[in-house]
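# Breakdown of the fold
Residue strings, one per chain:
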Amino acid sequence: MRLHLTLDGDGPRRDRLYRALRRALLDGRLVADERLPPSRALAAELGLGRQTVVEAYERLIAEGFLAARTGSGTFVARLNLPVSRESGPTAGAGPGPHWRTPATWGEVRLGGYNFAGGVTDPALLPWPAWRRAVQRALRDQAADTTLYGDPVGQPALRAGIADYLGYSRGLPCRPESVLVTQGAQQGLDLLARVRVGPGDLVAVEEPGYPPARAVFEQRGATVVGVPVDEQGVCVDRIPERATLVYVTPSHQFPLGMPLSLSRRLALLERANRHDWLIVEDDYDGEYRFEGRPLEALKSLDRDQRVAYLGTFSKVLHPALRLGYVVMPEGLRQALTGARRLADGYGGDLNQRALAHLIGQGDFARHLQRMQRIYQRRRDALREALAVHPERWRPLPALAGIHLAVRLRDPAPDWRRRLATADATVLALDDFYQGEAPPGLLLGFGALPDSAVGPGVGALARALGTPPGG
Ligand SMILES: Cc1ncc(COP(=O)(O)O)c(C=O)c1O
């Protein structure tokens, strides 16, 4: 046997030889039943004393890596070691097993005019009020002698959310039904855990929100996309066999239309008939710009079929990681248990602070202000888009902080052209599983009013100019 051993690292030579042999065993360079060189021969080859080799062998024999067979020498034991002949010699440097990575977004290139979808403007947050709220929360926390929090959230915040949903979303709800989560994303994850398993069928909108699809896929479900038209998701196309149906009724993500009332009623009726859980993701329904909005789907839910998901990511800041689920009665226990298993309970300080922000009226004032500011930005965006009717057709934008446009007769290489624009912008492709019609998602939350026109100009120019042209 020619065994190449490198005695690197620190410590006595006996230990370095031991480590080198062990690496060779774990890497699979020495395999079961292989005979090791006699101690004298290896010692001579490596320029070591024989006793050094004997001690290294003895240690590996004691650990079960090697076996001594009287009269015939030292052999590699039959251990079924998890070895790979391809992996590198350093522990932890091999590629390791390949776990499935859920697909969510393509890469977002940041820079220039910021049209990133659904992103808010941190400069407009009510920082002084938040500072006061956090200070109060710190005082409360210091005075609280309980050790662990409640998996469903801080009582004051649950009450504040229930109250807010009543006046803002026409959704009467009791604090006991509110589960405070780490963003809407954890709400989705918990709902999937209690309701979706391998082989189940989950229906989502096509186009739709990639992180939702990914959560269900990771549970082993078959996820089917249901087409969307100008009235929202085509309810009659949802397969009967679905266990869960994920929808965005207030502001379809990403196209923007609300789900019509007749479709809402049909959805609830079918959910009852086929025993579906409906997940209503109301991620930015607070911002609405024209007429009286349709209230939350959950407000029509007499049969406890709808789990309502909300988030503070769009109304305050995504870094808060605060969202909530209004739990259908039948899932309260299961969701509470799932939350306990997932992470025990949520960050206490942020929850207390947010409860104060709501309780003091600062949150409602902030929302009213943002509503005015975002309305201005949306109007500015629509005006700027109207300057280039040959480039695109904006879809109606009655709510939220983004809008979608369909491109008109784009050049075949429009995606490459778009990439040259001095702007952060997503093509609608990212939200389709199948073929996507050419289009863009334009967020207007983080773009100051004065930048809207120039930003749209930059997009129009890039789309009209061949790269390098
Ligand atoms: C459709 C949709 N749902 C939910 C969210 C919010 O997720 P989270 O509360 O986890 O930040 C977003 C944010 O981009 C979204 O676009």
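Residues numbered from 1 in each chain as written. Predicted model: local features only at pLDDT ≥ 70, side-chain atom pairs only at ≥ 80, totals over all residues. Heavy atoms only, no water.

## Regarding the UniProt feature "domain: HTH gntR-type" (unreviewed entry) in the protein
We count it as follows: UniProt positions are given in the numbering used here, feature names are shortened, and annotations may be inferred rather than shown by experiment. In DSSP terms, a helix is any run of H or I states spanning at least four residues, a strand is any run of E spanning at least two, and both are numbered starting from the N terminus.
Mapped onto this numbering, the UniProt entry gives "domain: HTH gntR-type" (unreviewed entry) at residues 11–79. Span residues 11–79 is 54% helix and 12% strand, its end C-alpha atoms 28 Å apart.

## A closer look at the confidence of the model for the protein
Under the convention used in this document: Confidence of the predictor at the level of single residues is given by pLDDT, which spans 0 to 100. We call two residues in contact whenever any of their non-hydrogen atoms come within 4.5 Å of each other.
Per-residue confidence for the protein gives a mean pLDDT of 90, with 92% of residues at or over 70. Note on residues 83–89: pLDDT under 50 across the span, and 16 contacts to partners over four residues away in sequence or across chains.

## Here we look at the pattern of salt bridges
Note the threshold: Any Lys or Arg side-chain nitrogen located within 4 Å of an Asp or Glu carboxyl oxygen qualifies as a salt bridge. Think of it in three bands: residues with accessible area under 20% of the maximum for their type are buried, residues over 50% are exposed, and the middle band is partly exposed, with areas taken using a 1.4 Å probe on protein chains only.
Taken as a whole and judged by the stated rule, the model has 28 salt bridges. Residue Arg 69 is joined to Asp 33 by a salt bridge in which the shortest nitrogen-to-oxygen separation is 3.0 Å. Placement of Arg 69 in strand 1 (residues 66–69) and of Asp 33 in the loop between helix 1 (13–27) and helix 2 (39–46) is noted, with a sequence separation of 36 residues between them. A relative accessible area of 30% means that Asp 33 is categorised as partly exposed. Three or more residues are tied together by salt bridges with common partners; here these are Arg 14, Asp 15, Glu 55 and Arg 59.

## As for the environment of Glu 63
Examined against the element boundaries, Glu 63 turns out to sit in helix 3 (residues 50–63). Taking the C-alpha atoms as reference points, Glu 63 and Ile 358, 295 residues apart in sequence, are found 62 Å from one another. Those residues in contact with Glu 63 that lie beyond four places of it in its chain are Tyr 18 and Arg 22.

## Brief notes about the pairing of strand 9 (residues 277–281)
Within a regular beta strand, the side chains point alternately toward one face of the sheet and then the other, so they alternate between its two faces. Inclusion rule: At least two DSSP bridges between two strands are needed for those strands to be called paired. A clockwise path from the first strand over the helix to the second, with the strands pointing away from the viewer, defines a right-handed crossover.
Taken across its five residues, strand 9 has five buried, putting it largely inside the fold. Alternating positions in strand 9 separate into two faces, Leu 277, Val 279 and Asp 281 on one and Ile 278 and Glu 280 on the other, with burial throughout. Sheet topology places strand 8 (residues 244–247) next to strand 9; four bridges connect them, and they run parallel. Bridge pairing in strand 9 links Leu 244 to Leu 277. Viewed along the sheet, the connection from strand 8 through helix 8 (residues 261–274) into strand 9 turns out right-handed. In this structure, strand 9 lies alongside strand 10 (residues 306–311), joined through four bridges in parallel fashion. The residue bridging Glu 280 from the neighbouring strand is Tyr 308, located in strand 10.

## Quick look at the domain arrangement of the protein
Applied cut-off: Domain boundaries shown here were taken from an automatic or database domain assignment. Summed over both partners, the accessible surface that disappears when two parts come together, traced with a 1.4 Å probe, is what is meant by buried area. In protein, a polar contact requires one atom able to donate a hydrogen and another able to accept it; more generally it is a pair of N or O atoms within 3.5 Å, and residues adjacent in sequence count only if both atoms are side-chain atoms. In this count, Pro and Cys sit with the nonpolar residues alongside Ala, Val, Leu, Ile, Met, Phe, Trp and Tyr, while Asp, Glu, Lys and Arg are called charged and the others, Gly among them, polar.
Here the domain parsing of the protein yields domain 1 (13–76), domain 2 (113–118 + 365–464) and domain 3 (124–361). Computed from C-alpha coordinates alone, the two centres of domain 2 and domain 3 are separated by 26 Å. A buried area of about 2,600 Å², summed over both sides, lies between domain 2 and domain 3, and 59% of it is on carbon and sulfur atoms. At the surface where domain 2 touches domain 3, the tally comes to 15 residue pairs in polar contact (both at pLDDT 80 or more). Those elements that provide at least two residues to the side of domain 2 that touches domain 3 are helix 11 (362–386) and strand 13 (402–407). The greatest single-element share of the side of domain 2 that touches domain 3, amounting to twelve residues, is contributed by helix 11. A breakdown of the residues in the side of domain 2 that touches domain 3 according to their chemical character gives 16 nonpolar, eight polar and seven charged.

## A word on the site of the ligand
Going by this rule: Proximity is defined per residue: any heavy atom of the residue falling within 4 Å of a molecule or strand makes that residue near it. Here the open area of atoms and residues is found with the Shrake-Rupley method and a 1.4 Å probe, where only the protein chains shown may cover a residue.
Around the ligand, the surrounding shell consists of Gly 183, Ala 184, Gln 185, Tyr 209, Tyr 246, Phe 253, Asp 281, Tyr 283, Thr 311, Ser 313, Lys 314 and Arg 321. Ser 313 places a side-chain nitrogen or oxygen 2.6 Å from an oxygen atom of the ligand. Lys 314 is positioned such that a nitrogen or oxygen atom in its side chain is 2.9 Å from an oxygen atom of the ligand. Look at the ligand: alone it shows 400 Å² of surface, and the protein chains cover 90% of it. Here the shell around the ligand takes three residues from helix 6 (residues 183–195), the largest share from any one element. Tallied by class, the residues present in the shell around the ligand amount to five nonpolar, four polar and three charged.

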